[in-house]
Amino acid sequence: LNIASTTLENDLSILSKARDLLDDTVVIVKGAIFNFNSYSIMQKNPEIDIALRGEIEEAFDEIIQYNNFKKIKGITYQINNKIISTPDRELKENLDHLPILDRSLIENSLYIRPDTKKTQTIIRVSKGCPNHCFFCLASPLNGKIVRYRSPELILKEIKECISLYNIHDFIFWSDIFNFNKEWVQKLCRLIIESEIKINFSANTRVDTVDNETLLLMKKAGCCLLSMGIESGNQEMLNKMGKKFTIKQIEATVKMIEKAGIQTYAYYVIGLPWETRETLNETFNFAKKLNTHYASFYTATALKGTKFYDYINKNRLGDISYEKPYIFPSVKSYSLSSQEIFEANKKFNKEYYLRPKYMLKMVGNINSFTKFKSYYDTFIKLLKIKS
């Protein structure tokens, strides 16, 4: 069972009910929270037999193969009313040991692109991020060294998705896709040379893109790049540890869109230093950038992040996950949780209802399916109460 930090209590309540129905079943859980808090969670929840920590793929395989859990690194398990944690599993630099997913085990048609309604799947291409931003778990979980699957293996998985499942739309999943220019370009060239026709989206940092690579990505099928812009206030960006500037953001968005790739901007509001002025700066900046898509999230202090430690050290209140990423987990120095929540609701609605934005997106409609998708979203936004 996959358990999220923000839905821990609900997930565990379902687990308890399942345990009552399937008494002889071995209960194995995974999730970021177990990297930092597996012992205390298992103390309170004896129905959990094994918790996976860190790189879970090989650990899960070894649990199936071996009877002696002591030899398996990266797990916490209960036996004879004792909770035992084995040493952490080392992070492997090359990810080619991970097998291609067996997609015959799932109903692929359930996973679709929201705009075209075509079947879409995720391919994990790399892990790790050298940056340790204030609110992010990427580095604590996956390490500061970016580790890759080879472009050849990724292409093999793409071809399998096409031939076996007729899937041509992909999300290339990573903590930071555009970190290694040589690796990205090799992957794109292999896709182009293979003459397969796909669409893919990926993520990037503002400071890791260049025009040469963007044009190659577009030719290979890249249709969208997402990036954590986070704030329109430079001081806020500095405190988050983003290490880039407002001017860099503007230049990067223009460069990506000039290459013919759509942009998706993520913003986070409600960090400890947020004020009414910085909120307004962020929303005004988002409107100025006018990216194809934008999401505003409230700051959520996940265990394992610098944000979580800061909240506890500075006593900014008890952390709550009432509505994660929608309702803030804590207040800021200047704003209440309710004020941050109202701003989040306002930004997410008003961004998409601007005439300038709607005019931009009209030019992106090239099918009835896409028109209907945009129309349905527009109606939903109108129904959101201010």
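Residues numbered from 1 in each chain as written. Predicted model: local features only at pLDDT ≥ 70, side-chain atom pairs only at ≥ 80, totals over all residues. Heavy atoms only, no water.

A.B. asks: How do you make sense of the pattern of salt bridges when you look at a structure like this?
C.D. replies: Two side chains bearing opposite charge may form a pair once their charged atoms approach each other closely. Enumeration according to the criterion identifies 23 salt bridges in this entry. Among the ionic pairs, Arg113 bridges to Asp115, the shortest N-O distance being 2.7 Å. For the pair formed by Arg113 and Asp115, the shared burial category is buried. Here the salt bridges do not stand alone but share partners, grouping Glu55, Glu57, Lys127 and Arg147 into one network. (Salt bridge = Lys/Arg side-chain N within 4 Å of Asp/Glu carboxyl O. Buried < 20%, exposed > 50% of the residue type's maximum accessible area, 1.4 Å probe, protein only.)

A.B. asks: Is there a simple way to think about a nonpolar patch on the surface in this case?
C.D. replies: A cluster of nonpolar residues, Leu105, Ile106, Leu110 and Tyr111, forms a patch on the protein surface that exposes about 460 Å² of accessible area. Relative to the assigned elements, Ile106 resides in the loop between strand 4 (82–85) and strand 5 (120–124). (Patch = residues over 30% accessible without salt bridge, like charges linked within 9 Å, V, L, I, M, F, W, Y side chains within 5 Å. Areas by Shrake-Rupley, 256 points an atom, 1.4 Å probe, with all protein chains shown as cover. Helix = DSSP H or I, 4+ residues; strand = E, 2+ residues; numbered from the N terminus.)

A.B. asks: Honestly, the side chain of Thr263 in this entry has me stumped. Any pointers?
C.D. replies: Mapped onto the elements of the fold, Thr263 is located in strand 11 (residues 262–269). In this structure the side chain of Thr263 is engaged in a polar contact, spanning 2.6 Å, whose partner is the side chain of Glu257. Those residues in contact with Thr263 that sit more than four places away from it in its chain are Leu225, Met227, Val253, Ile256, Glu257, Thr291, His292 and Tyr293. (Polar contact = N/O pair within 3.5 Å; in protein donor to acceptor, adjacent residues only side chain to side chain. Contact = heavy atoms within 4.5 Å.)

A.B. asks: Just to check I follow, could you spell out the sheet that holds strand 1 (residues 28–29) for this structure?
C.D. replies: Backbone hydrogen bonds are what pair the strands of a sheet, in a parallel or an antiparallel way. Spatial strand order, 1-2-3-4: four strands in an open sheet with mixed pairing. The sheet is open, and its two edges are formed by strand 1 and strand 4, each paired on a single side. Each of strand 1, strand 2 (50–52) and strand 3 (75–79) touches helix 3 (residues 56–65); the most contacted strand, strand 2, lies at about 150° to it. (Pairing = 2+ DSSP bridges. Axes fitted to C-alpha atoms, helices over the stretch in contact; angles between N-to-C directions.)

A.B. asks: In this structure, what is going on with helix 10 (residues 276–289)? I would like to understand it.
C.D. replies: Residue pairs spaced three or four apart in an α-helix point in one direction, given the helix's 3.6 residues per turn. For helix 10, with 14 residues, the first-to-last C-alpha span of 20 Å sits near the 20 Å given by 1.5 Å per residue. Along helix 10, the residues that are buried comprise Thr278, Leu279, Thr282, Phe283, Phe285, Ala286 and Leu289. Across the axial projection of helix 10, the buried residues extend over an arc of 160°, all falling on one side. What points out from helix 10, more than 90 degrees from its buried face, is the exposed set Glu277 and Lys288. Packing partners of the buried residues in helix 10 comprise strand 10 (222–230), helix 8 (234–240), helix 9 (246–258), strand 11, strand 12 (293–298) and helix 12 (337–350). Positive phi appears at Asn290, one or two residues downstream of helix 10, with a value of about 55°. (Expected span 1.5 Å × (residues − 1). Arc of directions from axis to C-beta.)

A.B. asks: Would you mind going over the pairing of strand 9 (residues 199–204) with me for this structure?
C.D. replies: Each regular strand displays side chains that alternate between the two surfaces of the sheet. Most of strand 9 sits out of view: five of its six residues are buried. In this structure, strand 8 (residues 169–173) lies alongside strand 9, joined through three bridges in parallel fashion. Note on strand 9: the bridge partner recorded for Ile171 is Ser201. This β-α-β element, strand 8 to helix 6 (residues 181–194) to strand 9, shows right-handed connectivity. Where strand 9 lies against strand 10, five bridges are found, and the strand directions are parallel. In the sheet register, Ala202 faces strand 10, and the bridge partner there is Leu225. For the crossover that starts at strand 9, traverses helix 7 (residues 211–220) and ends in the parallel strand 10, the hand is right-handed. (Right-handed = clockwise from strand over helix to strand, strands pointing away.)

A.B. asks: Honestly, unusual backbone geometry in this entry has me stumped. Any pointers?
C.D. replies: Generally, phi is negative for residues other than glycine and the peptide bonds are trans, each holding for most cases. Residue Glu195 is not a glycine yet carries a positive backbone phi of 65°. Topologically, Glu195 is positioned in the loop between helix 6 and strand 9. Residue class for Glu195 comes out exposed when judged on its relative accessible area of 66%. One non-glycine residue with positive phi stands out, namely Glu230, at about 75°. Inspection of the secondary structure assignment puts Glu230 in strand 10. What makes Glu230 buried here is its relative accessible area of 8%.

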